Amino acid sequence: MNSIEIKNLSFSYTAGNDVLKGIDLTLNGAATAIVGQNGAGKSTFVKLLKGLIVPTEGEIVLNGKNTKDYTVASLAKEIGLVFQNPNDQVFKNTVISEVMFGPLNIGMDEQDAREKSMEALRKVKLDEYVDTNPYDLSLSERKMIAIASILAMDPNIVIFDEPTMGQDHEGKETLKEIIYELRNQGKLVLCILHDMDFAAEVFERTIVFNQGRVQIEGPTRDIFKQKDILHQAYLEQPIVAQIAEVLGVAGSYVTEKEVVSAAGACHDPNFVE
Ligand SMILES: Nc1ncnc2c1ncn2[C@@H]1O[C@H](COP(=O)(O)OP(=O)(O)OP(=O)(O)O)[C@@H](O)[C@H]1O
């Protein structure tokens, strides 16, 4: 099983101003959502995991090996990070060359790289645009191209930074399929999200960041029922939890179906879904 152990991790961009403070976490098989208000330190945290910046204190052990002992190339093979803004990641002038860049860069041969890239483009439903310039696509499509570029490298650990931002319903459904498939393949999936509904529905575990610390973490169901703690971290509960409360059936619900079922059973003992 893929794992990341984080021990007493701290980081500051400027001396004496810690953005992350003494974080201890073990990330393992569960697909994990990372939530928290703006500036809580989420992006900094995943940049540390990816080795783009180095800890001021503490350590990160990725699949049994300290990140500082990885070469840049071996870390790139092991862990893929999809940036929040695809314009920070996309730079080639055709979709296929963009998606193939990563696989070629980690040493895949041309044929494998092309096959993996086509497979990744089918997953993001943009395989008809191979020869298009990524900058002739919409921002949400370019976000999907950035995702395909990471999928094509087939890393063991995949991190998404705000993938739902700017995606419509169909885009979110595509993202769900991708995340479920990665999970089923045994990959470790981490995802920074502001969309609490998506976090509640899709992820098994949730970590709440607040001002550079982990406020609370655990099974998603347990986290999202804790309204007061979420409010302390300046977060709202997912809509399903809010509806459950209005209906007087507050509990550990993460899907609409569960709330409807609980409300139906509560108001009518003979209720059948
Ligand atoms: N390159 C940088 N130099 C200096 N400070 C930075 C830099 N990047 C981020 N920060 C600061 O570090 C803190 C944490 O930022 P970070 O981007 O990690 O938060 P976040 O939780 O990802 O926020 P958001 O949800 O807005 O993306 C913020 O106060 C931010 O202003």
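Residues numbered from 1 in each chain as written. Predicted model: local features only at pLDDT ≥ 70, side-chain atom pairs only at ≥ 80, totals over all residues.

The strand order across the open sheet built from 6 strands is β6-β7-β8-β3-β9-β10, with neighbouring strands paired in mixed fashion. With partners counted over all chains shown, the strands left at the sheet margins are β6 (79–82) and β10 (213–219), one partner each. Pairs of neighbouring strands in the sheet enclose a mean axial angle of 15 degrees, with direction left out of account. Strand direction decides the pairing type here: strand β7 (residues 157–161) and strand β8 (residues 188–192), joined by 5 bridges, are parallel. Paired with V158 across the bridge in β8 is V189. (Pairing = 2+ DSSP bridges. Helix = DSSP H or I, 4+ residues; strand = E, 2+ residues; numbered from the N terminus. Axes fitted to C-alpha atoms, helices over the stretch in contact; angles between N-to-C directions.)

One open sheet holds the 4 strands; their spatial order is β2-β1-β4-β5, and the pairing between them is antiparallel. Strands with a single pairing partner mark the edges of an open sheet, and in this sheet they are β2 (17–27) and β5 (65–66). Set on the sheet, helix α1 (residues 42–50) makes contact with β1 (4–14), β2 and β4 (57–62); between it and β1 the angle comes to about 115 degrees. (Contact = placed C-beta atoms within 7 Å.)

When its domains are assigned, the chain resolves into domain 1 (4–235) and domain 2 (238–273). Using only C-alpha atoms to locate each centre, domain 1 and domain 2 end up separated by 32 Å. Put simply, the parts of the chain that give the side of domain 1 that touches domain 2 at least two residues each are α7 (196–202) and α8 (220–224). A per-class count over the side of domain 1 that touches domain 2 returns 3 nonpolar, 1 polar and 5 charged. (Domains from an automatic or database assignment. Nonpolar A, V, L, I, M, F, W, Y, C, P; charged D, E, K, R; others polar.)

Now for the site of the ligand. If you check the shell around the ligand, you find Y13, V19, G36, N38, G39, A40, G41, K42, S43 and T44 and nothing else. Here the shell around the ligand gets 3 residues from one element, more than from any other, and that element is α1. In the shell around the ligand, the residues fall into 3 nonpolar, 6 polar and 1 charged. (Near = placed C-beta within 6 Å.)

All buried positions along helix α3 (residues 95–105) are accounted for by V95, I96, E98, V99, M100, G102 and P103. Two residues or fewer past α3, G107 is found with a positive phi of approximately 100 degrees. (Buried ≥ 20, exposed ≤ 12 C-beta atoms within 10 Å, placed from the backbone.)

Let us now look at the nonpolar core. V99, I147, A148, I159, C191 and A199 are the most contacted members of the largest nonpolar core, which has 76 residues in total. At 7 residues, helix α5 (residues 139–151) tops the list of elements feeding residues into this core. Of the residues that make up this core, three or more belong to each of domain 1 (4–235) and domain 2 (238–273). (Core = buried A, V, L, I, M, F, W, Y, C linked by C-beta atoms within 7 Å.)

Before going further, it helps to spend a moment on the UniProt feature "domain: ABC transporter" (unreviewed entry) in the chain. With numbering matched to this structure, UniProt assigns "domain: ABC transporter" (unreviewed entry) to residues 4–236. Helix makes up 38% of residues 4–236 and strand makes up 27%, while its end C-alpha atoms are separated by 28 Å. (UniProt positions renumbered as here; feature names shortened; annotations may be inferred.)

Look at K125: it is not a glycine, yet its phi comes out positive at around 65 degrees. Tracing the backbone through its elements, the reader meets K125 in the loop between α4 (110–123) and α5.

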